[in-house]
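Below, each chain spelled out in residue letters.
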Amino acid sequence: TFTHLSGTTGSINQLWRDPSQTDKIYIASSNNYVSPDKTTGASLVADTDVSGKIGYDVKVSGDGSLVFLCCKQGSSFRYYVSEDFGANYTEIGSGMGIVTACNRAESAVTDVKNDDGFFNIYVSTANGSLSGIFLSEDHGATWTNIGPGGSTLFAPFSTSLSSQGNYNNIISHIPGKPDECL
């Protein structure tokens, strides 16, 4: 049985449970919400940079300290990272190399830290065909394109009939292995 979570309205694009708190839920939607306890309802993410943008994807690190949001504003994606359990968000600037002009963006945040003590963040972007796969090994401070789009050698969404990256684009990490994604 499903029930309406009080405090929420609009379309929901993604739900993500905080792995460190079984009742805490993040909701990427036409309004971005967080529910500290599924029995008490949800409230808007308080950060003014994130409010008013359409959330498409949200992921949380294994200990709940890092939250990553992919939001759309107009025709471009904006990316936000919180390193304080979702209390405050910092926008990752478009000059960091992640594709922003795309139809779909998906992310993954690792459950464990890498050898340098950071959670890895992966972002996959698509405009029908793959735009790129990006990796940050330092909580979003710097980014590397690990899967360049536009290549005939690596075109996972393209066939001779169509390009399906607007629908089939998804990325995840291997649990316990922060340096591996799929």
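Right, let's walk through the structure included here.

### Some thoughts on the overall build of the protein
No. 1: Secondary structure assignment for the protein yields 1 helix and 14 strands.
No. 2: Relative to the 2.2 N^0.38 estimate, which gives 16 Å for 182 residues, the radius of gyration of the protein is 16 Å and therefore close to what a compact globule would have.
No. 3: Projected onto its principal axes, the C-alpha coordinates of the protein cover approximately 50 × 40 × 35 Å.
No. 4: Counting every position in the protein, which comprises 182 residues, the buried fraction comes to 44%.
No. 5: Sequence separation of 24 or more characterises 44% of the internal contacts of the protein that already satisfy a separation of 6 or more.
No. 6: By element, 52% of the accessible surface of the protein is carried by carbon and sulfur atoms, the whole surface being about 9100 Å².

### Topic: the environment of I170
No. 1: Tracing the sequence through the fold places I170 in the loop between α1 (165-168) and β13 (173-174).
No. 2: Sequence separation between I170 and S124 is 46 residues; the distance between their C-alpha atoms is 7.0 Å.
No. 3: Among all residues touching I170, those that are not within four sequence positions of it are E106 and L182.

### What about the pattern of salt bridges?
No. 1: By the definition in use, this model includes 3 salt bridges.
No. 2: Ionic pairing is found between E91 and R78, a salt bridge with its closest N-O pair at 3.6 Å. On the criterion of sequence distance, the pair formed by E91 in strand β8 (residues 90-92) and R78 in strand β7 (residues 76-82) is long-range, its members being 13 residues apart.
No. 3: In this structure E91 comes out as partly exposed when scored by relative accessible area, which is 37%.
No. 4: Residue classification places R78 among the partly exposed residues on the basis of a relative accessible area of 24%.
No. 5: Among the ionic pairs, R104 bridges to E106, the shortest N-O distance being 3.2 Å.
No. 6: When its relative accessible area of 8% is taken as the criterion, E106 is described as buried.

### Examining the nonpolar core
No. 1: F68, Y79, I92, I98, I121, V123 and W143 are the most contacted members of the largest nonpolar core, which has 16 residues in total.
No. 2: Those elements giving two or more residues to this core turn out to be β6 (67-73), β7, β9 (104-113) and β10 (119-127).
No. 3: Residues contacting I98, with those up to four places away along its chain left out, are Y79, I92, V123, F134 and W143.
No. 4: By size, the runner-up hydrophobic cluster in this structure holds 12 residues, among which are Y26, C71, Y80 and Y89.

### Quick word on the pairing of β7
Looking along a regular strand, one sees the side chains alternate between the two faces of the sheet.
No. 1: In terms of residue burial, β7 counts as a mostly covered element, since 6 of its 7 residues are buried.
No. 2: Counted along the chain from β6 to the antiparallel partner β7, the turn is 2 residues long, and its residue G74 has a positive phi close to 65°.
No. 3: Bridge analysis of β7 against β8 gives 3 bridges, and the strand direction is antiparallel. Counted as the bridge partner of Y79 is I92 from β8.

### Let's talk about the packing of aromatic side chains
Aromatic ring pairs: the centre-centre distance and the angle between the two ring planes describe each pair.
No. 1: For the structure shown, the criterion picks out 4 aromatic pairs.
No. 2: Look at F77 and Y79: their rings are 6.4 Å apart centre to centre, the planes differ by 15°, and that puts the pair in the stacked class.
No. 3: You can call F77 buried: its relative accessible area is 0%.
No. 4: Relative accessible area serves as the criterion here: at 1%, Y79 is assigned to the buried category.
No. 5: Chaining the aromatic ring pairs together yields one cluster made of Y56, F68, F77, Y79 and W143.
No. 6: The ring of W16 has K59 sitting right over it, with the charged end atom 5.0 Å from the ring centre.
No. 7: K72 extends its terminal NZ or CZ atom over the ring of Y56, reaching a point 6.0 Å from the ring centre.

Rules used throughout
- Residues numbered from 1 in each chain as written.
- Predicted model: local features only at pLDDT ≥ 70, side-chain atom pairs only at ≥ 80, totals over all residues.
- Heavy atoms only, no water.
- Helix = DSSP H or I, 4+ residues; strand = E, 2+ residues; numbered from the N terminus.
- Rg over C-alpha atoms; globule rule 2.2 N^0.38 Å.
- Buried < 20%, exposed > 50% of the residue type's maximum accessible area, 1.4 Å probe, protein only.
- Contact = heavy atoms within 4.5 Å.
- Areas by Shrake-Rupley, 256 points an atom, 1.4 Å probe, with all protein chains shown as cover.
- Salt bridge = Lys/Arg side-chain N within 4 Å of Asp/Glu carboxyl O.
- Core = buried A, V, L, I, M, F, W, Y, C linked by side-chain atoms within 4.5 Å.
- Pairing = 2+ DSSP bridges.
- Phe/Tyr/Trp six-rings, centres within 6.5 Å; stacked < 30°, edge-to-face > 60°.
- Lys NZ or Arg CZ within 6 Å of the ring centre and 35° of its normal.

Any link to function would need more than the numbers given here.
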